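Residue-level structure breakdown
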Amino acid sequence: MSSPPTPGRDPIAEARRQWVAHGWADAAPGMAAVTSVMRAQQLLLTQIDALLRPFGLTFARFELLRLLSFASEQRMTMRRAGQRLQVHPTSLTSLAARLAEDGHVERVANPDDGRSAVLVLTASGSRLVEEATAVLNAEVFEAIGLSSDDVAVLVDVLGRFRAGRGDFAP
């Protein structure tokens, strides 16, 4: 793991300066944007992983539990869960298996299609996701470190970016 940058110095701004100095001025803003998004993701995941560790959860497992908690009857087919979470079926199978081992979900045969499975949130999974959500809300989502106006702009800009890349249809 690399050491953090010297306080007060932005390594992405320096990289942008170097891009321009090496003749890539047209690409410099895009490089800075992509690198900033990637670094922001690293910072958020580091914080979130530390907060979820005491619960025995990763962010991906948390997302699956939270998704199931929102579903009617707290159950959902594996296929629908994978679509909603935008994860590969193999990754979802791994997430579900770990949560099932820990007793937080049950994987049952789909009564409508014997070839597929339904994930069902257990009582322990429901309690766990509520506790973890309270911590994430207090420590991350309610205290993201940006003004409400900045958050709205960020969500809007990233939403347009995602839609432009085919992530969803606006």
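That block above? That's the structure.
Treat the numbers as computed from the prediction; the structure is a model and nothing was measured.

A word on the pattern of salt bridges. This structure, assessed with the given rule, holds seven salt bridges. The closest approach of N and O atoms between Asp-156 and Arg-160, which form a salt bridge, is 3.1 Å. One end of the pair is Asp-156 and the other is Arg-160, both in helix H7 (residues 148-164) and four residues apart, which spans about a single turn. When its relative accessible area of 42% is taken as the criterion, Asp-156 is described as partly exposed.

Together, Val-37, Leu-44, Ile-144, Leu-146, Leu-154, Leu-158 and Phe-161 make up an exposed nonpolar region whose accessible area comes to about 570 Å². Breaking the nonpolar patch down by element, the ones donating at least two residues are helix H2 (28-52) and H7. For the nonpolar patch, the element with the highest residue contribution is H7, accounting for three residues. Mapped onto the elements of the fold, Ile-144 is located in the loop between helix H6 (123-141) and H7. Ile-144 gets classed as partly exposed once you look at its relative accessible area, which sits at 41%.

What counts and what doesn't
- Residues numbered from 1 in each chain as written.
- Predicted model: local features only at pLDDT ≥ 70, side-chain atom pairs only at ≥ 80, totals over all residues.
- Heavy atoms only, no water.
- Salt bridge = Lys/Arg side-chain N within 4 Å of Asp/Glu carboxyl O.
- Helix = DSSP H or I, 4+ residues; strand = E, 2+ residues; numbered from the N terminus.
- Buried < 20%, exposed > 50% of the residue type's maximum accessible area, 1.4 Å probe, protein only.
- Patch = residues over 30% accessible without salt bridge, like charges linked within 9 Å, V, L, I, M, F, W, Y side chains within 5 Å.
- Areas by Shrake-Rupley, 256 points an atom, 1.4 Å probe, with all protein chains shown as cover.

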